[in-house]
Amino acid sequence: MQAGVDLKKVFLRFADKAWMAVAAIASGAVLGVGIYLIAHFVFAAEKEYQSVSKIYLNFNCEPEDFNELSYNGYTWNDLLDTDPILNYAMEELPTNISREQVAAATKAEILSDIRLLTITVTTGYPELTAQIMEAVQASLVHLGETDELFSSIEIYSTVGPEQIMWEDRTVSAAVTGAVVMLFIVLISMALYYVLDDSVYVETDAEKQFGLPVFGIFTAGEAGTFQSYGNEFLSNYTYLCRNLKKISFMSVDYKEDAKNAKLTMEKILSTEKLPGNCENILVELPEDSPEGYERARNTDGVLLIVRYGRRNGKLIERTVSNLKKQDCKLLGILIVEADVRFLKKYYMCKKPQNRK
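Keep in mind that what you see is a predicted model, and the values were worked out from it rather than measured. (Residues numbered from 1 in each chain as written. Predicted model: local features only at pLDDT ≥ 70, side-chain atom pairs only at ≥ 80, totals over all residues. Heavy atoms only, no water.)

To continue, consider the overall build of the protein chain. When its secondary structure is counted, the protein chain shows 13 helices and nine strands. By residue count, 40% of the 355 residues in the protein chain fall in the buried class. Taking contacts inside the protein chain between residues at least 6 apart in sequence as the whole, the part at least 24 apart equals 79%. Within the structure as shown, the protein chain displays about 20300 Å² of accessible surface, and the carbon and sulfur contribution to it stands at 55%. (Helix = DSSP H or I, 4+ residues; strand = E, 2+ residues; numbered from the N terminus. Buried < 20%, exposed > 50% of the residue type's maximum accessible area, 1.4 Å probe, protein only. Contact = heavy atoms within 4.5 Å. Areas by Shrake-Rupley, 256 points an atom, 1.4 Å probe, with all protein chains shown as cover.)

Take the pairing of strand β6 (residues 245–250) next. Every regular strand shows the same layout, with side chains that alternate between the two sheet faces. With five of six residues buried, β6 is to be regarded as a mostly interior element. Of the strand pairs in this sheet, β6 and strand β8 (residues 301–306) are connected by four bridges, and their pairing is parallel. Across the sheet, S247 pairs through a bridge with V301, a residue of β8. (Pairing = 2+ DSSP bridges.)

Here we take up the packing of aromatic side chains. For the structure on display, the rule yields nine aromatic pairs. Pairing Y200 with F341 gives two aromatic rings, centres 6.0 Å apart and planes at 55°, and the pair type is tilted. Residue Y200 is found in the loop between α7 (170–195) and α8 (202–209), and its partner F341 is found in helix α13 (residues 339–346); the two are separated by 141 residues along the sequence. In terms of burial, Y200 and F341 fall into one category: buried. (Phe/Tyr/Trp six-rings, centres within 6.5 Å; stacked < 30°, edge-to-face > 60°.)

What follows is about the pattern of salt bridges. Across all of its chains, the model carries seven salt bridges by this definition. Residue K9 is joined to D204 by a salt bridge in which the shortest nitrogen-to-oxygen separation is 3.1 Å. In this pair, K9 is assigned in helix α1 (residues 7–16) and D204 in helix α8, connecting sequence segments 195 residues apart. Taken individually, K9 and D204 each receive the classification buried, so the pair is uniform in this respect. Between K107 and E109 there is a salt bridge, with its nearest N and O atoms 3.8 Å apart. Residue E109 is classed as partly exposed on the basis of its relative accessible area, which comes to 25%. (Salt bridge = Lys/Arg side-chain N within 4 Å of Asp/Glu carboxyl O.)

The next thing to look at is the side chain of E202. Relative to the helices and strands, E202 is located in helix α8. Here E202 is buried and forms no salt bridge, its nearest opposite-charge partner K9 lying at an N-O distance of 11 Å. Apart from the residues within four sequence positions on either side, E202 is in contact with V213, I216, E231, I334 and Y346. (Lys, Arg positive; Asp, Glu negative; His and termini not counted.)

Here we come to the nonpolar core. Among the nonpolar cores identified, the biggest contains 32 residues, and M249, V301, L303, L322, I332 and F341 are the most heavily contacted of them. Put simply, the parts of the chain that give this core at least two residues each are α8, β5 (213–218), α11 (291–296), β8, α12 (312–324), β9 (329–337) and α13. The contacts of L322, once residues within four sequence positions are left out, are M249, Y292, V301, L303, C327 and L329. Of all hydrophobic cores here, the second largest spans 27 residues; its members include M90, A108, I110 and L140. (Core = buried A, V, L, I, M, F, W, Y, C linked by side-chain atoms within 4.5 Å.)

In the contact formed by helix α2 (residues 18–41) and α7, the axes pass within 6 Å of each other and the chain directions differ by 140°. With respect to each other, α2 and α7 are oriented oblique. Regarding α2 and α7, the two cross each other, and that crossing is right-handed. Facing M20, A21, A24, I25, S27, G28, A29, L31, G32, V33, Y36 and L37 of α2, the residues of α7 in contact are T170, A173, A174, G177, A178, M181, L182, V185 and M189. When its residues are assigned to classes, the contact of α2 with α7 shows 16 nonpolar, five polar and no charged. (Axes fitted to C-alpha atoms, helices over the stretch in contact; angles between N-to-C directions. Parallel < 35°, antiparallel > 145°, perpendicular 65-115°, else oblique. Left-handed = near helix turned anticlockwise from the far one by under 90°. Nonpolar A, V, L, I, M, F, W, Y, C, P; charged D, E, K, R; others polar.)

Attention shifts here to a nonpolar patch on the surface. A cluster of nonpolar residues, V5, L7, L191, V194 and L195, forms a patch on the protein surface that exposes about 530 Å² of accessible area. It is α7 that provides the largest number of residues to the nonpolar patch, a total of three residues. Within the element layout of this structure, L7 appears in helix α1. (Patch = residues over 30% accessible without salt bridge, like charges linked within 9 Å, V, L, I, M, F, W, Y side chains within 5 Å.)

Bringing the environment of I153 into the picture now. Within the secondary structure, I153 is located in strand β4 (residues 150–163). By relative accessible area, which is 5% here, I153 ends up buried. When the C-alpha atoms of I153 and Q137 are compared, they prove to be 9.4 Å apart, with 16 residues separating the residues in sequence. With residues up to four places along the chain from it excluded, the contact list for I153 reads I55, Y56, L57, L140, V141, L143 and G144.

Structure below.
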């Protein structure tokens with residue numbers, strides 16, 4: 001939070017991993033469709049058959065009195081399960097059909113007009129659905145003949161039984177899966193890059209550790225062809241102009257210090273400049289107990305830090321220990337850097353290679 005976020009660096013790191021977003025969309029779509037199909041074909045309920053009937057209720061009252069009737073849209077579902085209606089329906093059905101089956105399969109509702117009742121019967125078998133629907137219709141017609149609130153109850157229409165068809169939402173499942181997976185990947189990447197304490201450019205090291213960065217050595221380029229060799233040469237010859245001995249100490253790998261020393265010597269030799277001072281390889285005290293003593297016997301320590309290594313806390317610890325041991329810190333040299341990323345970050349034309 002104190003260091004802030006280098007938005008350009010984070011954007012470029014995102015761009016380098018753009019394939020992850022594409023992969024997230026593709027995998028999310030496949031996963032969404034897979035879950036949807038499994039849910040419907042593997043764990044789906046058994047086939048169901050539904051019949052719908054429209055029943056017209058002729059009340060023995062004027063329309064303005066309808067709202068005061070006990071038979072309204074909120075009570076019909078309960079009324080179908082009461083003895084006067086259900087008992088009559090059970091008489092119309094075979095004995096192997098229970099009252100519970102009929103009650104569970106039947107739904108009654110008033111959709112708009114209080115005089116138009118919609119009956120829906122749903123079961124796992126078309127024959128059973130038709131039998132229950134006929135019995136319920138018969139019981140309602142009988143109710144219209146026996147209840148003084150009705151002049152009659154008529155069957156307007158009956159549809160079914162028809163199988164309830166699966167609604168294909170494969171496309172919606174694919175889109176949902178892709179969006180969810182993309183969101184997860186983007187949030188994960190954002191969190192990763194915000195918390196990433198790696199050193200990528202000079203300002204990363206200077207902000208975090210308060211030390212000057214001598215320069216950057218890129219990976220895959222020989223010493224005489226370093227893209228940023230001139231920058232290092234200028235800083236090194238100036239900052240070390242009055243020094244006799246310098247310790248080269250790598251935070252990450254022993255070989256990094258050795259390779260950095262060889263690259264630096266090649267750069268100096270191409271300019272026909274004598275080394276301003278003697279450069280001594282010093283191992284970290286964790287690897288060699290004499291490390292601090294050897295570093296103290298020089299004019300300062302140049303820390304070799306590997307690019308993009310997620311080593312911020314390791315560098316911080318090394319800097320702290322060197323200060324405690326009275327070892328003078330000259331600065332940092334970033335090695336094994338990605339030259340393509342640096343070109344995009346600085347947005348400059350490629351410098352002429354040194355020959």
